[in-house]
Amino acid sequence: MLKIKIIFFFILIFNLFNITNAEIYIKYKVGEEIITNIDILEEKKYLIFLRPSLKDLSKNEIEKIAENSLKKEIIKKKEIDRIFKDTNDDKLINEIKKSLFKFKNVKSNNEFVNLLKVSDIKYDKIINKMKYEGLWNELIFQKYSPMIKINEEDLKKKLIIKTKNNKKYEYNLSELLFETNDYESLNKKYKEILEYIKTNNFKIATSRYSIANSSKVGGEIGWIKETLLSNNLNTILSKMKVNQISKPIKFPNGYLILKINGKKEIIQKIDVNKELKDVINYEKNKQLSQFSLLYYKKLKSNTVINEY
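Remember, predicted model here, so these are calculated numbers, not experimental data.

## Some details on unusual backbone geometry
Leaving glycine aside, a negative phi is the common case for residues, and trans is the common case for peptide bonds. The residue N105 is not glycine, and still its phi comes out positive at about 60°. As for its position among the elements, N105 is in the loop between α4 (90–103) and α5 (109–118). When its relative accessible area of 66% is taken as the criterion, N105 is described as exposed. Positive phi is not limited to glycine here, since N243 has a value of about 75°.

If you want it as structure tokens, here you go:
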């Protein structure tokens, strides 16, 4: 009888072992890091928590977005850990918490924790993820801020010309920055993106196609005065209506599609000197975003990614 019980015990353990292995399996290996199906499932929860509209996507679509998100995170994290000796920055973490509370419209840490429980997301995990995003921005700033080129005189001249216009506008914009492969034509890719937008919406399309950092917030840029934008962009936007999507605009890191969510006339008189500071900051951030994409592409090209 004892022998039968022992045999039964080992059969049970063996079956449990097989079930566990059947449920957890490797999907990708990024450098030395592995991504399992469970990692992808957790990433889906995280992404939907930040952008609830993603839950309307098909299982395959949301999995593809989650996979790309994890690959990018691993590549960035490896570089951050290599450069920063100490990644536990209390000031940064506090800023992250404030941003998350504001974004999810909560007023306290307990309220935020309860919100995470509903979505089955671990508090430490989301803070850690956001921490590394903040450290990536800090890395880019430290590495590339000396390389930023700003011609203040030229910007001021252009700004003065813009402020002389009788009517000046402010646009609420969303962006989608995409790349094309050698075997893809620009028009084919653009049509594919437009079809995807029609089937889903612009916000979800940014999660699927955009390489810009704004893809994390559905491509939303917010309200921007025309005085901050280039003459080329202003010309394009002036011919567009609200909710209209632009044709691809060539950018250093790919092709940009803009969507106008809202448009309003600027009534108040513009202070050129004050506005110039905003223009300079906007230009600096634009250049840093370009450096960020180029740096990530370089890291990705030097990383071996295997699919299983």
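## Some words on the environment of I305
Inspection of the secondary structure puts I305 in strand β7 (residues 305–307). Residue I305 is classed as partly exposed on the basis of its relative accessible area, which comes to 29%. Measuring from C-alpha to C-alpha, the distance between I305 and F141 comes to 27 Å, with 164 residues separating the pair along the chain. Setting aside chain neighbours within four positions, we find I305 in contact with Y28, K29, V30, K71 and I75.

## Here we look at the packing of aromatic side chains
Per the stated rule, a full pass over the model turns up 8 aromatic pairs. Aromatic pair F49 and F112: ring centres 6.1 Å apart, planes at 65°, arrangement edge-to-face. One end of the pair, F49, is in helix α2 (residues 37–50); the other, F112, is in helix α5, and 63 residues separate them in sequence. Look at F49 and you get buried, because its relative accessible area is 4%. Given the relative accessible area of 0%, F112 is considered buried. Aromatic pair Y144 and Y295: ring centres 5.8 Å apart, planes at 75°, arrangement edge-to-face. With Y144 in helix α6 (residues 123–144) and Y295 in helix α11 (residues 272–301), this pair connects stretches of sequence that are 151 residues apart. Take Y144: its relative accessible area is 11%, and that puts it in the buried class. Through a chain of ring-to-ring contacts, three or more aromatic side chains come together here, namely F49, F101, F112 and Y123. The lysine or arginine in question, K76, covers the ring of Y296, its NZ or CZ lying 6.0 Å from the ring centre. Between the NZ or CZ atom of K143 and the centre of the ring of Y144, over which it lies, the distance is 5.8 Å.

The rules we used
- Residues numbered from 1 in each chain as written.
- Predicted model: local features only at pLDDT ≥ 70, side-chain atom pairs only at ≥ 80, totals over all residues.
- Heavy atoms only, no water.
- Helix = DSSP H or I, 4+ residues; strand = E, 2+ residues; numbered from the N terminus.
- Buried < 20%, exposed > 50% of the residue type's maximum accessible area, 1.4 Å probe, protein only.
- Contact = heavy atoms within 4.5 Å.
- Phe/Tyr/Trp six-rings, centres within 6.5 Å; stacked < 30°, edge-to-face > 60°.
- Lys NZ or Arg CZ within 6 Å of the ring centre and 35° of its normal.

Functional significance is not addressed by these values, which are geometric in nature.
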